[in-house]
Amino acid sequence: MDFNAENLKKLRPLSGDGSKLYIETYGCQMNVSDSEVVLSILQRDGYRYTERIDEADVILVNTCSVRDNAEQRVLGRLREFKPYKRRKKALLVGVIGCMAERMKEQLMEREQLVDIVAGPDSYRDLPRLLRQAGDGSRSVNVLLSQEETYAEIAPVRLDKNGVSAFISIMRGCNNMCSYCVVPYTRGAERSRDPRTILREARELFDAGYREVTLLGQNVNSYRWEQDGHSTGFAALLDAVAGIDPLLRVRFSTSHPKDLSDEVLHVMARRENLCRAIHLPAQSGSTRMLELMNRKYTREWYLGRIAAIRRILPDCALSTDLIAGFCTETDADHRDTLSLMREVGYEFAFMFKYSERPNTKAARHFADDVPDEVKTARLTEIIDLQNELSLQSNRRDVGRTFEVLIEGVSKRSDDRLFGRTSQNKVVVFDRGDRRIGEYATVRITDCSSATLIGELL
Ligand code: SAH
Ligand code: SF4
Ligand code: F3S
């Protein structure tokens with residue numbers, strides 16, 4: 001087995017003596033990655049990790065504000081912490097992440113049990129905030145930063161498998177899509193020192209990890225400048241992929257306006273740069289895209305798809321779509337459906353528009369598509385995507401793929417699952433294979449969500 005158990009241990013959470021910290025994470029992969037940074041900061045301060053909420057001395061909830069239902073879920077969850085607080089008077093509850101940034105002190109007023117509020121750029125301050133809260137004072141830090149990237153902090157890995165890990169390469173977002181709260185909760189865009197990114201990727205590889213996903217709200221606008229040198233996203237990808245051919249590299253999320261041919265050519269040259277691009281379209285209607293401030297048209301987006309098809313013929317495509325944005329008509333909606341068909345996405349994240357306070361859309365446009373219409377459109381989008389995913393999977397039946405094994409199938413201990421370079425999940429009989437290895441698998445059957453295969 002490739003795993004270096006000693007190296008792996010160094011990256012994993014410490015348990016045992018010390019105040020016990022429990023972390024629950026909502027929202028996007030950036031939050032998952034941030035929770036690993038938070039744990040690293042607090043471990044250094046003597047806290048120890050627990051997966052058991054009932055033994056926690058500190059509960060942190062890393063939160064998301066992107067849609068109203070994401071916030072409602074967290075507010076509901078916070079109320080469920082009340083019994084723990086009743087049982088253990090010294091228990092501290094902290095809200096961190098995007099809701100902390102958006103709601104600030106309000107969170108303490110609304111949810112009486114919240115002791116700490118810390119925004120995404122103030123995690124280095126958590127030890128102090130916790131001490132202060134322990135002494136009975138209100139502890140809030142929601143300052144956003146122009147520079148913070150937590151560059152030199154080695155995240156404590158919370159993934160279950162020891163195969164696949166996230167690496168944050170940038171923070172914040174400058175795009176100001178009119179519907180989106182992220183620029184307000186995460187602040188301005190800034191890139192992380194590439195040397196620290198490469199070091200982190202190499203350490204993961206040495207500990208047995210075989211896949212890293214480079215994360216940012218807009219990864220392909222990554223740019224690091226120092227001493228007259230400039231590193232862009234294509235050069236960074238090339239360098240990370242150069243660590244070892246056995247290390248798979250993915251990235252998320254790309255903004256269509258920043259997806260250059262240069263990046264596609266680097267991908268074509270390096271087989272371990274995975275054949276999957278997540279390229280959120282949001283809508284297929286140019287009129288909607290303009291209102292959304294996405295800075296591209298439908299035609300321009302399709303031009304990027306054509307470039308991907310030309311340079312990376314075996315590349316899978318996925319997207320994010322919003323149904324029922326302000327003023328969306330049936331014709332706009334049909335443009336989204338036709339875009340989906342034209343691209344033939346492998347996969348999509350699909351949402352109903354949810355107005356977020358203080359965004360440009362909330363300030364200037366009426367949220368005028370009735371909820372039943374949003375729901376009906378979303379249902380059509382989801383149904384179409386299921387059809388497209390199934391068609392795509394059917395095309396894979398009979399083909400052979402290199403699969404990175406991630407774990408044991410939920411349904412049966414005799415089966416393993418892993419992913420193809422295209423990011424499709426494959427389930428197959430385990431044979432003598434182990435987690436963290438590559439296997440050559442021929443696809444024999446499929447559903448819209450999964451490929452079934454046999455080891456070759
Ligand atoms: N930076 C990434 C992801 C942003 S959040 C990107 O630009 O693609 C993830 C997705 O949530 C977005 O792509 C969008 O589809 C969706 N989203 C963002 N704000 C939303 C809102 N107000 N209502 C519904 N969906 C939203
Ligand atoms: Fe939000 Fe747009 Fe930035 Fe994505 S690119 S995080 S949708 S503002
Ligand atoms: Fe949500 Fe913040 Fe991510 S709003 S989607 S957790 S950046």
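The structure displayed is predicted, hence computed values, not measured ones.

Student: Just to check I follow, could you spell out the layout of surface pockets for this structure?
Tutor: The method is simple in principle: a probe with the dimensions of a water molecule rolls over the atoms, and the space it marks as empty is what remains. A volume near 600 Å³ is recorded for the second largest pocket. The wall of the second largest pocket is formed by 26 residues, among which Arg-275, Asp-314, Phe-401, Ser-421 and Gln-422 lie closest to the centre. Of all elements in the fold, only helix H16 (371-396) and strand S17 (400-408) reach the threshold of two or more residues within the lining of the second largest pocket. Sorting elements by how many residues they give to the lining of the second largest pocket places H16 first, with 3 residues. For the lining of the second largest pocket, the domains that each give at least three residues are domain 2 (277-396) and domain 3 (397-455).

Student: Which parts of the structure should I look at to understand the UniProt feature "domain: Radical SAM core" (unreviewed entry) in the protein chain?
Tutor: As annotated in UniProt, the feature "domain: Radical SAM core" (unreviewed entry) corresponds to residues 159-391 in the numbering used here. Along residues 159-391, the helical share is 41% and the strand share 19%, with 31 Å between the first and last C-alpha atoms.

Student: Sorry if this is basic, but what is going on with the domain arrangement of the protein chain here?
Tutor: Many authors give the size of an interface as the accessible area that is lost as the parts come together. Splitting the protein chain by domain gives domain 1 (5-141), domain 2 (277-396) and domain 3 (397-455). Distance between the C-alpha centres of domain 2 and domain 3: 29 Å. Contact with domain 2, which involves 11 residues of that partner, is made by 13 residues of domain 3. With both sides pooled, the region where domain 2 packs onto domain 3 buries about 920 Å², and carbon together with sulfur makes up 46% of that total.

Student: It is not clear to me how the packing of helix H2 (residues 29-44) against helix H7 (residues 126-134) should be interpreted in this structure. Could you clarify?
Tutor: Two packed helices can be described by the angle between their axes and the distance between those axes. For the pair H2 and H7, the least separation of the axes is 9 Å and the interaxial angle reads 65 degrees. When the interaxial angle is binned, H2 and H7 end up roughly perpendicular. In this structure, H2 uses Val-38, Ile-41 and Leu-42 to contact H7, whose residues at the interface are Leu-126, Pro-127 and Leu-130. In the contact of H2 with H7, the residues fall into 6 nonpolar, no polar and no charged.

Student: Is there a simple way to think about the environment of Asp-34 in this case?
Tutor: With respect to the helices and strands, Asp-34 occurs in helix H2. Residue classification places Asp-34 among the buried residues on the basis of a relative accessible area of 0%. Once residues within four sequence positions are removed from consideration, Asp-34 is found in contact with Asn-62, Tyr-123, Arg-171 and Arg-186.

Student: What am I meant to see in helix H11 (residues 261-269) here?
Tutor: Residues separated by three or four positions in an α-helix point in the same direction, a consequence of the helix having 3.6 residues per turn. Listed as buried for H11 are Val-263, Leu-264, Val-266 and Met-267. When H11 is viewed along its axis, its buried side chains cluster within an angular range of 160 degrees and face the same direction. Turned more than 90 degrees away from the buried face of H11 sit Glu-262 and Arg-269, all of them exposed. Structurally, H11 contributes buried residues whose contacts are with helix H10 (233-241), strand S13 (248-252), strand S14 (276-278) and helix H13 (298-311).

Student: What am I meant to see in the site of ligand 1 here?
Tutor: Taken together, 15 residues sit near ligand 1, with Tyr-179, Gln-217, Gln-282, Asp-320 and Ser-354 positioned nearest. Within the backbone of Tyr-179, an N or O atom sits 3.0 Å from a nitrogen atom of ligand 1. Within the contact set of ligand 1, a nitrogen atom lies 2.7 Å away from a backbone nitrogen or oxygen of Gln-217. Starting from 540 Å² of accessible surface for ligand 1 in isolation, the protein chains cover 90%. At the level of elements, strand S15 (316-323) and strand S16 (347-352) are the ones that each hand at least two residues to the shell around ligand 1. For the shell around ligand 1, a count of residues per class yields 6 nonpolar, 4 polar and 5 charged.

Cut-offs used in this document
Residues numbered from 1 in each chain as written. Chains lettered and ligands numbered in written order. Predicted model: local features only at pLDDT ≥ 70, side-chain atom pairs only at ≥ 80, totals over all residues. Heavy atoms only, no water. 1 Å grid on protein atoms, 1.4 Å probe; cavity = no way out; pocket = protein on both sides within 12 Å on 5 of 7 lines; lining within 4 Å. Points joined across faces, edges and corners; volume = space filled by probe spheres on them. Helix = DSSP H or I, 4+ residues; strand = E, 2+ residues; numbered from the N terminus. Domains from an automatic or database assignment. UniProt positions renumbered as here; feature names shortened; annotations may be inferred. Contact = heavy atoms within 4.5 Å. Buried area = accessible area lost by both parts, 1.4 Å probe. Axes fitted to C-alpha atoms, helices over the stretch in contact; angles between N-to-C directions. Parallel < 35°, antiparallel > 145°, perpendicular 65-115°, else oblique. Nonpolar A, V, L, I, M, F, W, Y, C, P; charged D, E, K, R; others polar. Buried < 20%, exposed > 50% of the residue type's maximum accessible area, 1.4 Å probe, protein only. Arc of directions from axis to C-beta. Near = heavy atom within 4 Å. Polar contact = N/O pair within 3.5 Å; in protein donor to acceptor, adjacent residues only side chain to side chain. Areas by Shrake-Rupley, 256 points an atom, 1.4 Å probe, with all protein chains shown as cover.

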